[in-house]
Amino acid sequence: MANSTAGQRLFNALEVDLDTVPIEYLDDYIAIEYFLTSEDEPPDDVSNLEKIDAYLQVFDHLCEASAWQQAGQILSFRLEDNGRELHEQLSRWCYYREQVKLYQVLLGKVSPEQDLICLCGLGMAFNSLSNYDKSFDYHQQQLEIAHLANNRKAEAQALHGIGIILTRWEKYVEAIAAYQQQLEIAREIGDHEEEGSALARLGWTLFRFGQNHGKTREMQAGLNHVKASLEIARSTNNPELISKFLGYLGYIYSERGQFAEAIEFHLQALNICEEAHDLGQKYSVLADLGQNYTALKEYEKALECLNESLKIARESGDRYLETSALNQLSIVYGYELQRYEDAILYCEKQLEIEKTLNIGSECAITAYVNMFNFYTFLNRVEKADIYLKIAMEIADKSDSLDTKGMVTMALANAYWNREQIWCKLYALLLVVKSLAISPPWRSTNGRIALQLTIAVLTKSAKDLLMVALKSMKNFLRLEAAKAFITKLLITNIPTHKWDKKTAQNAIERSPDR
């Protein structure tokens, strides 16, 4: 059937025989036949979810008939011959909630191998929905079942998912260990794509760990791993992996301050995920592009990317990425455009979301420091001090040098804004300390902190200069006034002859005589 539709192909694959169907399920199977063979294919201009609605309806009817094996076939069905399986396509389109429904219904109904697919999918979907506790639990179950079934690939995939959640929780050492195990298994079974995934995440996490602890060797090792992963992805000709690894590479170059190179990597990634209609990867790339355009002061491009990223994140339900986009928008509006009220609104939304997420404090610290700075710029010192205090409490409990450097720089700005000269001297010492903890060439946060300090010091220097000029102007005005009054007095002194004799008489009457 060369001209058969995707629905007809699926109906044939299900091998439905209405003559042998139990009578109590006949209505369900008649509906299945209608959805797959009689109903017209949806037009191209409808949403992605509408394009697959018929298959989701068929899945529900098969579940009603307790036809679990056939329901499992719906998950693995490919809309196009060379396309992705339906459940994977849902992820690419960011329909994570629809994924969860399918997996949860099938879990424990078909076979251990089907359970591994469902558990892996549930772990990744709940990660994208920012429910990290559930994501971790599902990947742990996946790891246990894979180990019992001696399914090494599923073990590697479970370790990958566990590593992602550990990274979210800022447990970098444990995450690195998980990725290293994944890498060993991938090489053992000769799975190059799995090897590339392990190298990419291992490299990204090593780089973050190196940043936070001032370890340049780990940062360089991380960069090398990500480069190696990109070579593997290109050798396997996997567009999805190429796009993802280009994104990791762009992130690292951005953190190193090489913004033009980072943008080039991100634009390559964006082209690939747009061609593949991969919204899941697209919003991450757009958020990173926004950060780099901001660094290059191309604010119009930055806002365009960040707003589009924010829109996709909200539609998909990925609240972690939503906070990332909100953070970048607050930076653009606050530090670059000096629209502090707008920037504060973005920070408030960011903090509101982060309080609902079980993630490390590293993300929240940026918002608290930004809130302190923006309220300081608005001369609302009491409000600013509240956020500085919270930021300092978080930094005291953190082992991240990046975090400690940011807060130290904020504290320096607080002291610099005080009138006493000793406060300003102490502020300068804190600036030096902050730069030593988190140098601007090592991270984006370090560069933002330095940029902020330069702006504050420059503004303060201008203020001092204006005070000095005003004082000088007042002094000159005072001197001019004194000269005018003196002239006026002299002009009004009664005139008399001042000759030699008069002078002599004045001398003789002097008290000193």
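Residues numbered from 1 in each chain as written. Predicted model: local features only at pLDDT ≥ 70, side-chain atom pairs only at ≥ 80, totals over all residues. Heavy atoms only, no water.

A few points about the overall build of the chain
Threshold: Only DSSP runs of H or I with at least four residues qualify as helices, and only runs of E with at least two residues qualify as strands; both kinds are numbered from the N terminus onward. Accessibility here uses a 1.4 Å probe with only protein chains present; expressed as a share of the type maximum, an area under 20% marks a residue as buried, one over 50% as exposed, and anything in between as partly exposed. By definition, residues are in contact when any of their heavy atoms lie within 4.5 Å. Areas reported here follow the Shrake-Rupley algorithm with a probe of radius 1.4 Å; residue values treat only the protein chains shown as occluding.
Across its full length, the chain holds 25 helices and 0 strands. When burial is assessed residue by residue, the chain has 50% of its 513 residues classed as buried. For the chain, the proportion of contacts with a sequence separation of at least 24, taken over those separated by at least 6, is 57%. A total of about 26,400 Å² of accessible surface is found on the chain, and carbon and sulfur atoms cover 53% of it.

Describing the pattern of salt bridges
How we decide: Criterion for a salt bridge: a side-chain nitrogen of Lys or Arg within 4 Å of a carboxyl oxygen of Asp or Glu.
Taken as a whole, this structure holds 16 salt bridges when the rule is applied. Of the charged contacts, one joins E336 and K297 as a salt bridge, the two residues approaching to 3.8 Å between their closest N and O atoms. A residue pair is termed long-range when its members are at least 10 positions apart, and E336 in helix α18 (residues 319–336) and K297 in the loop between α16 (279–295) and α17 (299–316) qualify at 39 residues. Here K297 falls in the exposed class, since its relative accessible area comes to 53%.

Quick notes on the packing of helix α14 (residues 239–255) against α16
This is how the line gets drawn: An axis is simply a line fitted to the C-alpha atoms; with a helix, the fit covers only the stretch in contact. Between two such axes, the angle follows the N-to-C directions and lies from 0 to 180 degrees. In these notes the angle categories are as follows: under 35 degrees is roughly parallel, over 145 is roughly antiparallel, 65 to 115 is roughly perpendicular, and the rest is oblique. In this scheme, a crossing is called left-handed if the near helix is turned counterclockwise away from the far one by less than a right angle; it is called right-handed if the turn is clockwise. The nonpolar class holds Ala, Val, Leu, Ile, Met, Phe, Trp, Tyr, Cys and Pro. Asp, Glu, Lys and Arg form the charged class, and all remaining residues, Gly among them, are polar.
Taken N-terminus to C-terminus, the directions of α14 and α16 make an angle of 20 degrees; their axes are 10 Å apart at the nearest point. With respect to their mutual orientation, α14 and α16 come out roughly parallel. α14 and α16 meet at a crossing whose hand is left-handed. Note on element contacts: α16 touches α14 through Q281, D288, Q291 and N292, opposite S243, K244, G247, S254 and E255. Taken together, the residues that form the contact of α14 with α16 break down as no nonpolar, 6 polar and 3 charged.

Some remarks on helix α21 (residues 381–397)
For clarity, the threshold we go by: For a helix, the expected span equals 1.5 Å multiplied by the residue count minus one. Directions from the helix axis toward the C-beta atoms define the arc.
Here α21 spans 25 Å end to end across 17 residues, near enough to the 24 Å set by a 1.5 Å rise per residue. Those residues of α21 lying buried are A384, Y387, L388, A391, I394 and A395. Looking straight down α21, one finds that the buried residues subtend no more than 120 degrees of arc, so they occupy a single side. For α21, the exposed residues set more than 90 degrees away from the buried face come down to E382, K389, D396 and K397.

A look at the confidence of the model for the chain
Interpreting fine coordinate detail is not advised for predicted regions of low pLDDT. Defined as follows: Predictor confidence is given residue by residue as pLDDT, running from a minimum of 0 to a maximum of 100.
For the chain, mean pLDDT is 84; residues scoring 70 or higher make up 83% of the total. Across the chain, the element-wise mean pLDDT spans from 46 in helix α25 (residues 500–508) up to 97 in helix α11 (residues 172–189). Here residues 491–500 is modelled with pLDDT under 50, and outside its nearest four sequence neighbours on either side it reaches 3 contacts, counting other chains as well. Predicted confidence is poor over residues 509–513, with pLDDT under 50, and the contacts of this stretch with residues over four places away or in other chains come to 2 contacts.

Brief notes about the packing of aromatic side chains
Spelled out, the test is: In this scheme Phe, Tyr and Trp rings, the latter by its six-membered ring, pair at centre separations within 6.5 Å, and the angle between planes marks the pair as stacked below 30 degrees, edge-to-face above 60, and tilted otherwise.
In total, this model carries 15 aromatic pairs according to the counting rule given. When the centroid spacing of 5.7 Å and the interplanar angle of 40 degrees are considered together, the rings of Y55 and F77 count as tilted. Pair noted here: Y55 is in helix α4 (residues 53–64) and F77 is in the loop between α5 (68–76) and α6 (86–92), with a separation of 22 residues, a long-range link. Take Y55 and F77: they sit in the same class, and that class is buried. With a centroid separation of 5.9 Å and an interplanar angle of 10 degrees, the aromatic rings of Y375 and Y387 are classed as stacked.

Notes on unusual backbone geometry
One non-glycine residue, S66, lies in positive phi territory at about 55 degrees. Taking the relative accessible area as the measure of exposure, S66 reaches 41% and is therefore partly exposed. Phi is positive for K297, which is not a glycine, with a value near 65 degrees.

Quick word on the nonpolar core
Spelled out, the test is: Joining through side-chain atoms within 4.5 Å is the link that ties buried Ala, Val, Leu, Ile, Met, Phe, Trp, Tyr and Cys residues into a set, and such a set is a nonpolar core.
In terms of nonpolar packing, the biggest core is built from 76 residues, with L14, Y55, L62 and I74 touching the most fellow members. Per element, the largest residue contribution to this core is 9 residues, and it comes from α14. Residues within four places of L62 in sequence aside, it is in contact with L14, Y29, I32, A67, Q70, A71 and I74. Of all hydrophobic cores here, the second largest spans 47 residues; its members include L329, Y387, A410 and W416.

Comments concerning a negative patch on the surface
Test applied: Exposure above 30% relative accessible area and no salt bridge define the residues that can form patches, which grow by joining like charges within 9 Å and nonpolar side chains of Val, Leu, Ile, Met, Phe, Trp and Tyr within 5 Å. Within this scheme the basic residues Lys and Arg register as positive and the acidic residues Asp and Glu register as negative, but His and the chain ends are omitted. Charged side chains are reduced to one point each, which is NZ for Lys, CZ for Arg, CG for Asp and CD for Glu.
A grouping of E39, D40, E41, D44, D45, E50 and D53 is seen on the molecular surface, where their side chains present a negatively charged patch. Taking relative accessible area as the criterion, D45 reaches 71% and is therefore assigned exposed.

Overview of the packing of helix α10 (residues 152–168) against helix α12 (residues 192–213)
Following both chains from N to C, one finds α10 and α12 inclined at 20 degrees, their axes separated by 11 Å at the closest point. Between α10 and α12, the interaxial angle falls into the category roughly parallel. When the axes of α10 and α12 are compared, the crossing they make is left-handed. Side by side, α10 and α12 meet where K153, A156, Q157, H160, I164 and T167 of the first sit next to E194, S197, R201, W204 and T205 of the second. For the contact of α10 with α12, the class distribution of residues is 3 nonpolar, 5 polar and 3 charged.

Quick word on the side chain of S197
Take S197: it is sitting in helix α12. Contact partners of S197, with chain neighbours within four places excluded, come to H160, Q182, L241 and F245.

Observations regarding helix α2 (residues 26–38)
An α-helical turn contains 3.6 residues, so any two residues separated by three or four positions project in the same direction. The first and last C-alpha atoms of α2 sit 17 Å apart over 13 residues, in line with the 18 Å expected at 1.5 Å per residue. Burial in α2 covers these residues: D28, Y29, A31, I32, F35 and L36. The arc enclosing the buried residues of α2, seen along the axis, measures out at 155 degrees, which places them on a common side. As for α2, its buried residues are in contact with α1 (6–14), α4 and α5.

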